[in-house]
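# Residue-level structure breakdown
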Number of protein chains: 2
Amino acid sequence: MNHIRIEDAFWNRYTKLVTAEIIPYQWRALNDQVEDAEPSHCISNFRIAAGLEQGDFSGWVFQDTDLAKWLEAVAYSLSYEQNTNLEKLADEAIELVGSAQEENGYLNTCFTIGYPGRQFKNLKEGHELYTAGHFIEAAVAYYKVTGKDRFLNIMRKTADLICDVFHTSRYENAVCGHEEIELALVKLADVTGEEKYRSMAFDFINRRGCEPNYLFTESDRDDYIDVWHDKNPYLNVYGQNHLPVREQKTAEGHAVRAVYLYCAMADLAYAYQDLALWQACENLYRNIVEKRMYLTGGIGSSGILERFTVDYDLPNDTNYSESCASIGFALFCRRMAQISGDAGYIDTMELALMNTVLSGIAMDGKSFFYVNPLEVWPRNCIPMTDKNHIKPIRQKWFGCACCPPNITRTLASLGEYVCFVEKNALWLNLFAGCTIETERDGEPLTIKIDSRFPYEGRVQLQVDGGGELKHTADEARHNTGRSETDASGTEHSSFELRIRIPAYAKNPCFTIDGKSVTPQVEHGYAVFRENWSHQCISFTFEMKAQFVYANPAVHADAGKTALMRGPLVYCLEEEDNGENLAALYADTNAPVRETFEPDLMGGTVVLHASGRRVSSRESVSLYSAQKPALEETSLTFVPYHSWGNRKPGEMAVWMKYMTTDQ
Amino acid sequence: MNHIRIEDAFWNRYTKLVTAEIIPYQWRALNDQVEDAEPSHCISNFRIAAGLEQGDFSGWVFQDTDLAKWLEAVAYSLSYEQNTNLEKLADEAIELVGSAQEENGYLNTCFTIGYPGRQFKNLKEGHELYTAGHFIEAAVAYYKVTGKDRFLNIMRKTADLICDVFHTSRYENAVCGHEEIELALVKLADVTGEEKYRSMAFDFINRRGCEPNYLFTESDRDDYIDVWHDKNPYLNVYGQNHLPVREQKTAEGHAVRAVYLYCAMADLAYAYQDLALWQACENLYRNIVEKRMYLTGGIGSSGILERFTVDYDLPNDTNYSESCASIGFALFCRRMAQISGDAGYIDTMELALMNTVLSGIAMDGKSFFYVNPLEVWPRNCIPMTDKNHIKPIRQKWFGCACCPPNITRTLASLGEYVCFVEKNALWLNLFAGCTIETERDGEPLTIKIDSRFPYEGRVQLQVDGGGELKHTADEARHNTGRSETDASGTEHSSFELRIRIPAYAKNPCFTIDGKSVTPQVEHGYAVFRENWSHQCISFTFEMKAQFVYANPAVHADAGKTALMRGPLVYCLEEEDNGENLAALYADTNAPVRETFEPDLMGGTVVLHASGRRVSSRESVSLYSAQKPALEETSLTFVPYHSWGNRKPGEMAVWMKYMTTDQ
């Protein structure tokens, strides 16, 4: 396995937290040992299912996945840093998982304890395949990092059961209400070489949204069990079950489900060279980024059902934009980039990761956001109102804890986002200081990357080993959606370095050993085919703060602007700008000043602009014919991902701007 | 009884609808005879309870109240216009009510059919006293108009049962989850002279929010029955059950419940000369109008629980602002005005009636809004999202039909809002053409009012009869909250005419028989104590359209303006202004042109302003650094109450304005 070790001023504050704080903290959470936090019951459920404790199942039907995501995070963290105690703890947890597994391979404590012998009788709500999927992902990661196959074998047994059951006539049209199993089975096929897993995933994809509609009619079956007690009618669109997947052109329904599905669609489009499926992936991606995505890479406009709504419906103070949805979206973008070789997908992935995913976690790693609004007025985020779901302060641990462990596993696997190390090419996607250890033609190749990003657009790569790298050309393997500019083949082993040039990078400059070069640029990647071994490559670009504007079709943002610097969306906080951020106007014609503040939230670039503030009214009247005056004011912005780490208060990404600026 | 007959160009379009269309339509609705509308089941439930049909109860627990409100509306309509067939239909319905009543006086088909013998076992959700209250209100109105006491006697029996049951030790702290019985019992006491009803109402008021908290602990009782199957915990604040009423300083919880409670509080503060209770009414009124009321007189900021939230939280596109809440608020304002003699309350009442209540009904009287947002983007008002409750098109009849019959009874009783005819004074509150027939010292007195309002500020009163009216002074009977400017008494019979001068009326001018006069103004009323019998009094004032601004503390409206003309709030509709109303800016410095368009929606004053529109973006990108251009455009405004009567489309009350206007 390739080895990527992150050593980066920006990212280390998060990745170090993973091992030092979050993984141990979450282990305590799984064991209900975090004071003042809602109990997880997760380990307890496994112990009950394994016969080690007496009791009833507690928590959500998908509660088991907390452990799966924790194990996956542990696996990734071990790839960065050996940790004998942690690995021992994980091995014990894996044994517990094995003990909770039923004889036939079935694994799900909710059903084993609560509905013995009544498995797969509510696929719409039961999350059984979803849960299995997360354990499969964890087992694959654990196997790849540690080489130990105990966990993998446990999950193969579960996967074999799924392949058997879901090819019986009873289940010939069946799919899971919450997608995840599909992408997991693809990973399992990759690591085991067993194609039946991939084929099962492809069947699930192909069944979805087709008649007869299994999920829609499932509750009519005699053996249906009501596990959720949901009084609402089932909405096909909620689970992307409204149309065959190749006919889906708009991102619909529950946002996390949607992007997990799209990940598998992309995987399978590539594996089976299915152009119709690939086209659907492109359509869905474009629908999201052109019409349904927040500036922060957040998705899911409605708090009710945590779902996509309609094009350009992007309210800033009532949206869901779940952390898990942006994680899934980043996973989808990563697959699209890897298949197509197009850096545009990485721009989007970076947006989701560096804004919404990072926003989900407090800087001490101990509290988390589920929901990531772009505007918060804490005083009106009260329970049992339309803003019920908006939390102005990160929560210690949620009873429904999907996001915290999902953020953890994402940070722990950061290397997979930073670069793609392929047989013949290394694609540098995110600018994070790191050491990449791989090999080329059997010889070790080490690339050490120094980065000042996102503080500055300055990245340096020191390449060591790997023999002499020669000019080469693309192979034609990326034949799904990727156009080749140079199809002439060469005979000798080739190895390319591809460095992403983000859309926001102005005046990109490359040097090799101090000498300016102008590499060819393909789909947003600077391509180095020349001999670049044993060299020092530097990449610098300008990345000034700039005001951005939404398409005016976004009603919520019409007449508003936001500040970005590189991939980072900035926001106003009450701490810096006083109360009532809605009363502020930016002066978009005045210069924006950038300062690096080393003591603020671990060191951050703060932006300063000038603007106006609607004066407070002296009289108590709510409405009046008197036009409020505008006072001059200065505006201070911090990165969105770091909001809510100081005193609780208002936050806003979008603000009004002066029409005098025209 | 005093007789007020509305003959008014503006109001007749609604009041004529009541008799000609709405009352017959609603009767068909109650009988499940309206095609394509959700069935009411209301009459069917009564027939089942009466033993005339077999079947189960269907509908909401408060479904009976549809019939009560219909009967109340019929009563009022009969006071304007004899209608033998309608009265016969009402008499039959009253007999049906009597047949459905249980031996002991209990009346509620939901419990009689569904929970026989288990009455008053879920006051929190059961709506039994609420339902009884609406029948009592209807019976009182029917008695006052027709003089027939059959219905009144039925409801006295129910009221007697309530007085008995709710003074037993089991119920000594009990109140109803949804207030209404309190104000109804006051009315019953007024018409019957039986003080025990008022005393029971006072007890209910005094018990509310006190320890031991009956509603909060009710579900712990052994005999509690779960009639609603609500999974949410009970929120004391939802039913104004969080504090003793005299200590409540902010309007909280479900808005309809709140204002029905406040009505009774005002009634009882006056009846018992309870200054602490009166002070609470004033505090609550001020909290609403200064911090929690929409420009349209709508109340209830959250779709979830249809409730008040916090000060200045007034989102325009997700609010509830239920028609019934504004009806209840108007009733509260009317009481506050009548007790205090202060016209300011009438300004608020007029706002609620002429904007939100009228908005609730289509111009053909056949479809209705429950929810009255100030901004609607139809495309994103989709089910199972945060905008689930927002309907861009009025609905034929709701399964939960509280608003349509409530609007009907309000329009049918318009005379009660137009003026207060008291023994010694006539208070003219709303400017509606009408004929008021009353008496003074036994002599008939007729006042015929001609009005061009709200098209123009021009009202003329022709007074006939009533003998010679002499100079007089206030009596000291309004001693709760009303300060007297002239306390010197006179011996002879006095009769004042008080004409409200609204806050929006500029340059108010009065003439008597063409001769300019300058009446004394007390608390917003022009007071005529001089001899004004047999005279023609005219009142004219200016009422130009003007831009208004919310207190900047209202985040949703900061940097925005709205147009009003007199009490009418105006709005932009897509029909007149094209799509994307959020992209429009008003030029608040340019003049607003007013045109009367006789063919538009029955004749209406349309407003025209100039402004700018954010240009559409040509590229598909959702976000960009390119600032959208602003194009000049003209803006057309129609009254908010008439929105949604043409093609379905966007609507907005608040719009941005040019900061160049400063």
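Predicted model, so just to flag it, every value in this text is computed and none were measured.

## Quick notes on the overall build of chain A
Within chain A, the secondary structure is distributed over 18 helices and 23 strands. Computed over C-alpha atoms, the radius of gyration of chain A comes to 25 Å, within 12% of the 26 Å expected from 2.2 N^0.38 for 662 residues, which places it in the range of a compact globule. Its C-alpha atoms give chain A principal-axis dimensions of about 70 × 70 × 50 Å. Per-residue burial over chain A gives 65% buried out of 662 residues. Considering only residue pairs separated by 6 or more positions, chain A has 71% of its internal contacts joining residues 24 or more positions apart. Entry remark: accessible area of chain A is about 22700 Å², with carbon and sulfur atoms responsible for 48%. Averaging the locations of the 63 positively and 92 negatively charged side chains of chain A gives two centres separated by 2 Å.

## A few points about the pairing of strand E8 (residues 496-500) of chain B
Along a regular strand, successive side chains alternate from one face of the sheet to the other. All names here are of chain B. Summarising burial for E8: 5 of the 5 residues are buried, a large majority. Taking every second residue as pointing to the same face, both faces of E8 are buried, with Glu-496, Arg-498 and Arg-500 on one and Leu-497 and Ile-499 on the other. Pairing of strand E4 (residues 425-428) with E8, which is carried by 4 bridges, proceeds in the parallel orientation. The residue bridging Trp-427 from the neighbouring strand is Arg-498, located in E8. Pairing between E8 and strand E12 (residues 525-528): 4 bridges, direction antiparallel. Note that in E12 the partner of Arg-498 across the bridge is Val-527.

## So, the domain arrangement of chain A
Residues and elements named next belong to chain A. Domain annotation of chain A identifies domain 1 (4-421), domain 2 (423-542) and domain 3 (548-657). Domain 2 puts 5 residues into the contact, and the matching count from domain 3 is 8 residues. Taken together, both faces of the contact between domain 2 and domain 3 bury some 490 Å²; the carbon and sulfur share is 66%. When residues of domain 2 are sorted by the area they lose upon contact with domain 3, Pro-454, Tyr-455 and Tyr-504 head the list and together hold 86% of the total. If you look at where domain 2 meets domain 3, you find 3 residue pairs in polar contact (both at pLDDT 80 or more). Across the side of domain 2 that touches domain 3, the residue classes tally to 4 nonpolar, no polar and 1 charged.

## What to know about the interface of chain A and chain B
At the junction of the two partners, chain A supplies 82 residues and chain B supplies 82 residues. Across the chain A to chain B interface the summed buried area is about 6300 Å²; carbon plus sulfur atoms make up 58%. At the junction of chain A and chain B, the tally comes to 2 salt bridges. Where B:Asp313 meets A:Lys387, a salt bridge forms, and the shortest distance between an N and an O atom there is 3.7 Å. The interface formed by chain A and chain B includes 37 residue pairs in polar contact (both at pLDDT 80 or more). Looking at the side of chain A that touches chain B, the elements with two or more residues in it are helix H13 (275-292), strand E14 (546-550), strand E20 (623-624) and strand E23 (655-657) of chain A. Of the residues contributing to the side of chain A that touches chain B, the split by class is 40 nonpolar, 26 polar and 16 charged. Bridge analysis of E14(A) against strand E20 (residues 623-624) of chain B gives 2 bridges, and the strand direction is antiparallel. Bridge pairing in E20(B) links A:Ala550 to B:Tyr623.

## Quick word on the environment of B:Ser169
Residue and element names in this part refer to chain B. By secondary structure assignment, the location of Ser-169 is in the loop between helix H8 (150-165) and helix H9 (181-192). In this structure Ser-169 comes out as exposed when scored by relative accessible area, which is 60%. Sequence separation of Ser-169 and Thr-158 is 11 residues, and the distance between their C-alpha atoms is 19 Å.

## Side note on the pattern of salt bridges
Considering all chains together, one arrives at 76 salt bridges over all chains under this definition. A:Arg5 is paired through a salt bridge with A:Glu7; the nearest N and O atoms lie 3.6 Å apart. You can call A:Glu7 partly exposed: its relative accessible area is 39%. For B:Arg292, the salt bridge is made with B:Glu252, and the minimal N-O distance between the two is 3.3 Å.

## Details of the sheet that holds strand E1 (residues 3-6) of chain B
Residues and elements named next belong to chain B. Read from one edge to the other, the open sheet built from 7 strands follows the order E1-E5-E6-E7-E13-E9-E10, with strand pairing classed as antiparallel. Looking at which strands have only one partner, the edges of the open sheet turn out to be E1 and strand E10 (515-517). Mean inter-strand twist for the sheet, computed between neighbouring axes without regard to direction, equals 20°. Where strand E6 (residues 443-451) and strand E7 (residues 458-465) come together, 7 bridges link them in antiparallel fashion. In the sheet register, Asp-450 faces E7, and the bridge partner there is Gln-460.

## Some points on the relation of the copies chain A and chain B
When chain A is fitted to chain B, the residual RMSD is 0.0 Å, and the transformation amounts to a turn of 180° plus an axial shift of 0.0 Å. Expressed as an axis order, the relation between the two copies is that of a two-fold axis. Both copies present the same face, since 100% of the interface residues in chain A are matched by interface residues at the equivalent positions in chain B.

## Some points on the pairing of strand E21 (residues 630-639) of chain B
Residues and elements named next belong to chain B. For E21, a buried count of 7 out of 10 residues is recorded, marking the element as mostly surrounded by other parts of the structure. Pairing of strand E16 (residues 568-573) with E21 involves 3 bridges; the strand directions are antiparallel. What sits directly across from Tyr-570, in E21, is Pro-639. By the bridge criterion, 8 bridges tie strand E19 (residues 604-614) to E21 in an arrangement that is antiparallel. From the neighbouring strand, Ala-609 faces E21, where its bridge partner is Leu-635.

## Notes on the environment of B:Trp397
All names here are of chain B. Positionally, Trp-397 belongs in the loop between strand E2 (375-376) and helix H16 (403-412). Residue classification places Trp-397 among the buried residues on the basis of a relative accessible area of 3%. Expressed as a C-alpha distance, the spacing of Trp-397 and Val-256, which sit 141 residues apart in the sequence, is 19 Å. Non-local contacts of Trp-397, meaning those with residues more than four positions away in its chain, are made with Tyr-25, Gln-26, Ala-29, Ala-37, Glu-38, Ser-40, Asp-66, Pro-404 and Pro-405.

## Here we look at the packing of aromatic side chains
Residues and elements named next belong to chain B. Scanning the model with the defined rule gives 78 aromatic pairs over all chains in all. Judged by centre distance (5.3 Å) and plane angle (80°), the ring pair of Tyr-455 and Phe-596 falls under edge-to-face. Of this pair, Tyr-455 sits in the loop between E6 and E7 while Phe-596 sits in strand E18 (residues 593-597); the two residues are 141 residues apart in sequence, bridging distant segments of the chain. On the basis of relative accessibility, which here comes to 7%, the residue Tyr-455 falls in the buried class.

## Quick notes on the sheet that holds E12(B)
Residues and elements named next belong to chain B. With respect to topology, 5 strands assemble into an open sheet ordered E3-E4-E8-E12-E11, the strand pairing being mixed. Where the open sheet ends on each side, the last strands, each with one partner, are strand E3 (419-421) and strand E11 (520-522). Sheet twist, expressed as the average angle between the axes of neighbouring strands with direction ignored, equals 20°. In this sheet, E12 lies alongside E11 in antiparallel orientation, the contact comprising 3 bridges. Looking at E12, one finds that Gln-520 is bridged to Val-527.

## Things to note about the side chain of A:Thr604
Mapping A:Thr604 onto the fold places it in strand E19 (residues 604-614). Setting aside residues up to four positions removed in sequence, A:Thr604 forms contacts with A:Tyr455, A:Thr595, A:Phe596, A:Glu597 and A:Pro639.

## Some points on the confidence of the model for chain A
Residue and element names in this part refer to chain A. Mean pLDDT over chain A: 92, with 95% of residues reaching 70 or higher. A low-confidence stretch, residues 470-492 stays under pLDDT 50, and its non-local contacts, those more than four residues away or across chains, total 55 contacts. Of the two predicted TM-score estimates for the complex, the pTM is 0.93 and the ipTM is 0.93.

## So, helix H13 (residues 275-292) of chain B
All names here are of chain B. Taking 1.5 Å as the rise per residue, H13 with 18 residues should run 26 Å; its terminal C-alpha atoms sit 24 Å apart, in good agreement. Counting buried positions along H13 yields 13 of 18 residues, so the element is predominantly enclosed. The N-cap residue of H13 is Asp-274: its side-chain oxygen and the backbone nitrogen of Ala-276 are 3.2 Å apart.

Definitions and cut-offs
- Residues numbered from 1 in each chain as written.
- Chains lettered and ligands numbered in written order.
- Predicted model: local features only at pLDDT ≥ 70, side-chain atom pairs only at ≥ 80, totals over all residues.
- Heavy atoms only, no water.
- Helix = DSSP H or I, 4+ residues; strand = E, 2+ residues; numbered from the N terminus.
- Rg over C-alpha atoms; globule rule 2.2 N^0.38 Å.
- Buried < 20%, exposed > 50% of the residue type's maximum accessible area, 1.4 Å probe, protein only.
- Contact = heavy atoms within 4.5 Å.
- Areas by Shrake-Rupley, 256 points an atom, 1.4 Å probe, with all protein chains shown as cover.
- Lys, Arg positive; Asp, Glu negative; His and termini not counted.
- Charge placed at Lys NZ, Arg CZ, Asp CG, Glu CD.
- Pairing = 2+ DSSP bridges.
- Domains from an automatic or database assignment.
- Buried area = accessible area lost by both parts, 1.4 Å probe.
- Polar contact = N/O pair within 3.5 Å; in protein donor to acceptor, adjacent residues only side chain to side chain.
- Nonpolar A, V, L, I, M, F, W, Y, C, P; charged D, E, K, R; others polar.
- Salt bridge = Lys/Arg side-chain N within 4 Å of Asp/Glu carboxyl O.
- Axes fitted to C-alpha atoms, helices over the stretch in contact; angles between N-to-C directions.
- Least-squares fit on C-alpha atoms with pLDDT ≥ 70 in both.
- Phe/Tyr/Trp six-rings, centres within 6.5 Å; stacked < 30°, edge-to-face > 60°.
- pLDDT = per-residue confidence, 0-100.
- Expected span 1.5 Å × (residues − 1).

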